[in-house]
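# Coordinates in review
This is what each chain is made of:
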Amino acid sequence: MSGQAFSKRSHCQNCGTALSGPYCSECGQLDVDYNRSFLHIVEDGLEGLLHFDGKFFMSARYVFTRPGFLTTEFIAGHRARYANPVRFYVFASFLFFAASVFLSHRPTPAEKAAANAQAGKGATEAAGGVKKAENESPEAKKALEPKSTTGPGASVSSNTGAEKSWLDDPLRIRSDPKDKVSLKDLKAEIWRLLPAMLFFCLPLLALVLKLAYIGSGRLYIEHLIFALHVQALAFLSFIVIKVGGLLGLLAGEGVESAVGAVLLLGMFCLIYRAFQTVYGQGPLKTAFKLILVAGAYGGILLFFLVRLVTASTYLVSLSA
């Protein structure tokens, strides 16, 4: 590190091992005299951060240009130049969820106008229905009154008189006008817990890979490293798909869908190439096992996603 002030101590301050250079041979701590300047602490921290960022972006480049390369390099012991698989996955996950928030689709002016027109039309029809009911029998008036929401299938009524069933939306927390707020909280809770769910499902993906390639002679940890890399590839690919879709939206909705479909197909092609590179099997066998693994892992994710929705519903209902 340029400009570092080494203390030239005889022993490591961390573990007491005799020093033969700036780094301790036992614990790896750098022998820096931080008492000389606070800038050395800042410089040390920035070097670690920027060093990781450089490794991440170089590794991300290989994910797209040479799928499966990072896994084969890690297994071969060539690890110093690339980001650690766990850190690479965590940072890719962070970028994906951050990009999903910042690049979320916002309605165009035309969509807003159409939504407002539809809302105005519904309010007009509801007002007409109320006025008509005023001239009818008491039974008709009673039909427009809000109904009880004691049961899970009970009907709910908005201020406009339009009735909906709780079963129309299984994610509803309450059957009252505050449902939209509760549903928003539920989505936020699911989005908050989703990264942890995906991370803890990775060992199951590695197990599926181990079973699919049971005769390959590879250790479970090697399948786990590949699982980290391939899911990080999916995260980064979805960011590209999202950006491509937004750019395509500038040319029209049809273009947005076409761009998204092409990029999604490209992601599956990259994953296919990664499978072929790491496991070294032929095209047909690789395609078959990719479909097998994708189906099994998709079922696992669906199972845990249902549990996640249930848990999120419970947590939101407690805070309501």
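Residues numbered from 1 in each chain as written. Predicted model: local features only at pLDDT ≥ 70, side-chain atom pairs only at ≥ 80, totals over all residues. Heavy atoms only, no water.

### Remarks on the packing of helix α3 (residues 85–102) against helix α7 (residues 220–249)
Heads up, the rule is: Every axis in this analysis is a line fitted to C-alpha atoms, fitted for helices over the stretch in contact. Angles between the N-to-C directions lie between 0 and 180 degrees. In this text, helices come from DSSP runs of H or I with a minimum length of four residues, and strands from runs of E with a minimum of two, each type numbered from the N-terminal end. Note that the term roughly parallel is reserved for angles under 35 degrees, roughly antiparallel for angles over 145, roughly perpendicular for angles of 65 to 115, and oblique for everything else. The sense of a crossing depends on the near helix, which, turned anticlockwise from the far helix by less than a right angle, makes the crossing left-handed and, turned clockwise, makes it right-handed. In what follows, residue pairs with any heavy atoms lying within 4.5 Å of each other are defined as contacts. The classification used treats Ala, Val, Leu, Ile, Met, Phe, Trp, Tyr, Cys and Pro as nonpolar, Asp, Glu, Lys and Arg as charged, and all other residues, Gly among them, as polar.
Packing of α3 against α7 leaves a shortest axis separation of 9 Å and a crossing angle of 25°. On the basis of their axis angle, the class for α3 and α7 is roughly parallel. The two elements α3 and α7 meet at a crossing, and its hand is left-handed. Note on element contacts: α7 touches α3 through I225, L228, H229, Q231, A232, F235, L236, F238 and I239, opposite P85, V86, F88, Y89, A92, S93, L95, F96, F97 and A99. Split into classes, the residues belonging to the contact of α3 with α7 amount to 16 nonpolar, three polar and no charged.

### Digging into the environment of I221
Along the chain, I221 falls in helix α7. The spacing of I221 and L207 is 14 residues in sequence and 9.7 Å in space, taken between C-alpha atoms.

### A short note on the packing of aromatic side chains
Just so we agree on the cut-off: Stacked, tilted and edge-to-face are the three classes applied to pairs of Phe, Tyr and Trp rings, where Trp contributes its six-membered ring and a pair requires centres within 6.5 Å; stacked means planes under 30 degrees apart, edge-to-face means over 60, and tilted covers the rest. Think of it in three bands: residues with accessible area under 20% of the maximum for their type are buried, residues over 50% are exposed, and the middle band is partly exposed, with areas taken using a 1.4 Å probe on protein chains only. Ring-over charges, as used throughout, are those where CZ of Arg or NZ of Lys falls within 6 Å of the ring centre and within 35 degrees of the ring normal.
The full count for this structure, using the stated rule, is 20 aromatic pairs. Summarising the aromatic geometry, the rings of F91 and F94 are spaced 6.2 Å apart at their centres and angled 25° between planes, so their arrangement reads as stacked. Of this pair, F91 and F94 are both found in helix α3, three residues apart, which corresponds to roughly one turn of the helix. A relative accessible area of 21% means that F91 is categorised as partly exposed. Measuring from centroid to centroid gives 6.1 Å for F97 and F235, while their planes differ by 55°, and the two rings are tilted. With F97 in helix α3 and F235 in helix α7, this pair connects stretches of sequence that are 138 residues apart. An aromatic cluster is defined as three or more aromatic residues linked by ring pairs; in this entry it consists of Y89, F96, F97, F199, F200, F235 and F238. The ring of Y62 carries R61 above its face, with NZ or CZ at 4.7 Å from the centroid. R66 extends its terminal NZ or CZ atom over the ring of F69, reaching a point 3.9 Å from the ring centre.

### Looking at the confidence of the model for the chain
Defined as follows: pLDDT is a residue-level measure of predictor confidence that goes from 0 to 100.
Averaged over every residue, the pLDDT of the chain is 75; the share at 70 or more is 64%. Highest mean pLDDT in the chain belongs to helix α2 (residues 69–76) (92); lowest belongs to strand β1 (residues 155–157) (43). Counting contacts from residues 1–5, a segment whose pLDDT is below 50, to residues more than four positions away or on other chains yields 15 contacts. Below a pLDDT of 50 lies the segment residues 148–181, which in the model reaches 43 contacts outside its immediate sequence neighbourhood of four places, other chains included.

### With respect to the environment of Y89
Tracing the sequence through the fold places Y89 in helix α3. Y89 sits in the buried class, given a relative accessible area of 2%. When the C-alpha atoms of Y89 and A232 are compared, they prove to be 5.0 Å apart, with 143 residues separating the residues in sequence. Here Y89 is in contact with L198, F199, L202, L228, Q231, A232 and F235, once residues within four sequence places are set aside.

### Remarks on the packing of α2 against α7
To characterise two packed helices, one gives the angle between the axes of the helices and the distance between these axes. One way to put it is that α2 packs onto α7 with a least axis distance of 9 Å and a crossing angle of 145°. Handedness of the crossing formed by α2 with α7: right-handed. Contacts between α2 and α7 involve L70, T71, F74 and I75 on the former and, on the latter, E222, I225, F226 and H229. Class assignment of the residues belonging to the contact of α2 with α7 gives a composition of five nonpolar, two polar and one charged.

### Regarding a nonpolar patch on the surface
Put simply, the rule is: Like-charged residues within 9 Å of one another, or nonpolar side chains (Val, Leu, Ile, Met, Phe, Trp, Tyr) within 5 Å, are grouped into patches, provided each residue has over 30% relative accessible area and no salt bridge. The protein chains shown are the only cover counted for residues, whose accessible areas, like all others here, come from Shrake-Rupley with a 1.4 Å probe. The term salt bridge refers to a side-chain nitrogen of Lys or Arg lying within 4 Å of a carboxyl oxygen of Asp or Glu.
A cluster of nonpolar side chains, V86, V90, F199 and F200, forms an exposed patch at the surface whose accessible area comes to about 370 Å². If you list the elements that add at least two residues to the nonpolar patch, you get α3 and α6 (179–212). With respect to the helices and strands, V90 occurs in helix α3.

### What to know about α3
The following threshold applies: Expected helix span is computed as 1.5 Å times (number of residues minus one). Note that the arc is computed from the directions linking the helix axis to the C-beta atoms.
In this model α3 runs 26 Å from its N-terminal to its C-terminal C-alpha over 18 residues, within 8% of the 26 Å that 1.5 Å per residue would give. Within the span of α3, buried status applies to P85, F88, Y89, A92, S93, F96, F97 and A99. In a view along the axis of α3, the buried residues occupy a sector of 160°, so they form one face of it. Exposed residues on α3 whose side chains face more than 90 degrees from its buried face are F94 and F102.

### Notes on the nonpolar core
Short version of the rule: Only buried residues count toward a nonpolar core, which is a set of Ala, Val, Leu, Ile, Met, Phe, Trp, Tyr and Cys residues joined through side-chain atoms within 4.5 Å.
F88, L205, L209, F226 and F275 are the most contacted members of the largest nonpolar core, which totals 48 residues. Among the secondary structure elements, those contributing two or more residues to this core are α1 (38–65), α2, α3, α6, α7, α8 (253–279) and α9 (283–319). By residue number, the principal contributor to this core is α7, which donates eleven residues. With near-sequence residues (within four places) excluded, F275 lies in contact with L209, Y213, F226, V230, G280, T286, L290 and V293.

### Looking at the side chain of T71
Relative to the helices and strands, T71 is located in helix α2. When sequence neighbours within four positions are dropped, the list of residues in contact with T71 reads E222, I225, F226, H229 and V278.

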